[in-house]
Amino acid sequence: MADVESQLREQFIEAFEGADYPVNNQMDLVPALPDGPGTKFEAGDVTLSAMELASKLGDHQEFPYDDVEGLVDDIIAGLKSEDVI
């Protein structure tokens, strides 16, 4: 799963680095997504939309985030905690 994790991490950074930091909630991230809430992230046999991320990871995120690295670290940790990766 390490390869899947690194691929997803790269995609998340690319998608969310354009957000206007600090971000205070999930809705602050939507304008940065190339296809809005329908943006998909794919690696190996894992496919997630931005909407799925939001619904699965709400309890794992601690807003506000001051930078993309902290946000993505929590996304990856949440996906591991939920046994997605």
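Below or above, wherever it landed, is the structure these notes cover. Going along each chain's sequence as written, the residues are numbered from 1 onward. Side-chain atom pairs in this predicted model are given and counted only at pLDDT of 80 or more, local residue features only at pLDDT of at least 70, and totals for whole chains, interfaces and linings cover all residues. For side-chain calculations, the full set of non-hydrogen atoms in the structure is used, while hydrogens and water are omitted.

Let us now look at helix α1 (residues 2-16). Secondary structure elements are defined from DSSP: runs of H or I of at least 4 residues count as helices, runs of E of at least 2 residues count as strands, and each element is numbered from the N terminus. Helix span, as expected, comes to 1.5 Å for every residue beyond the first. Taking 1.5 Å as the rise per residue, α1 with 15 residues should run 21 Å; its terminal C-alpha atoms sit 21 Å apart, in good agreement. Partly exposed residues are those whose accessible area sits between 20% and 50% of the maximum for their type, while under 20% is buried and over 50% is exposed, using a 1.4 Å probe and protein chains only. If you check which residues of α1 are buried, you get Val4, Glu5, Leu8, Phe12, Ala15 and Phe16. Down the axis, α1 shows its buried residues gathered within 95 degrees of arc, on one side only. Along α1, exposed side chains directed more than 90 degrees from the buried face belong to Ala2, Asp3, Glu10 and Glu14. Contacts made by the buried residues of α1 are with β1 (40-43), β2 (46-49), α2 (50-57) and α3 (68-81). As used here, the arc is the angular range of directions from the helix axis to the C-beta atoms. Should any heavy atoms of two residues lie within 4.5 Å, those residues are considered in contact.

Turning our eyes to something else, we now look at the layout of surface pockets. Cavities and pockets are defined on a 1 Å grid built over the protein atoms alone: a cavity is a set of grid points where a 1.4 Å probe fits but cannot escape, while a pocket is an open set with protein on both sides within 12 Å along at least five of seven lines, and lining residues are those with an atom within 4 Å of any such point. Grid points are joined across faces, edges and corners, and a volume is the space filled by probe spheres set on the points. Within this model, the largest pocket holds a volume of roughly 230 Å³. Around the largest pocket, the lining comprises 14 residues; the ones closest to its centre are Gln26, Leu29, Val30, Ala50 and Ala54. Looking at the lining of the largest pocket element by element, the count peaks at five residues for α2. Three categories are distinguished: nonpolar for Ala, Val, Leu, Ile, Met, Phe, Trp, Tyr, Cys and Pro, charged for Asp, Glu, Lys and Arg, and polar for the others, with Gly belonging to the last. Counted by class, the lining of the largest pocket contains twelve nonpolar, two polar and no charged residues.

Attention shifts here to the pairing of β2. The sheet contact formed by β1 and β2 spans four bridges and is antiparallel. Its bridge partner being in β2, Phe41 is matched across the sheet by Leu48. Following DSSP output, two strands are said to pair if at least two bridges run between them.

Here we come to the nonpolar core. Counting residues in each nonpolar core, the largest one holds 26 residues, and the members touching the most others are Leu8, Phe12, Phe16, Tyr21, Phe41 and Leu79. When contributions to this core are tallied by element, the ones reaching two or more residues are α1, β1, β2, α2 and α3. If one sorts the elements of this core by residue count, α3 sits on top with six residues. Ignoring anything within four residues of it in the chain, the contact list for Phe16 reads Tyr21, Leu29, Leu33, Phe41, Val68, Leu71 and Ile75. Among the buried residues, those of types Ala, Val, Leu, Ile, Met, Phe, Trp, Tyr and Cys that are joined through side-chain atoms within 4.5 Å form a nonpolar core.

For the rest of this paragraph, the subject is the pairing of β1. In β1, alternate side chains face the same way, and those of Phe41 and Ala43 are buried while those of Lys40 and Glu42 on the opposite face are not. Where β1 folds back on β2, the antiparallel hairpin that results is connected by two residues, among which Gly44 adopts a positive phi of roughly 55 degrees.

With that out of the way, let us pick up the packing of aromatic side chains. Stacked, tilted and edge-to-face are the three classes applied to pairs of Phe, Tyr and Trp rings, where Trp contributes its six-membered ring and a pair requires centres within 6.5 Å; stacked means planes under 30 degrees apart, edge-to-face means over 60, and tilted covers the rest. Following the criterion strictly, the structure yields four aromatic pairs and no others. Relative to Phe41, the ring of Phe12 lies with its centre 4.8 Å away and its plane at 70 degrees, an arrangement referred to as edge-to-face. One end of the pair, Phe12, is in helix α1; the other, Phe41, is in strand β1, with 29 residues separating them in the sequence. A ring pair is formed by Phe63 and Tyr65, whose centres lie 5.1 Å apart and whose planes are at 80 degrees; its orientation type is edge-to-face. Taking relative accessible area as the criterion, Phe63 reaches 25% and is therefore assigned partly exposed. Taken together through their ring pairs, the aromatic side chains of Phe12, Phe16 and Phe41 make up a single cluster.

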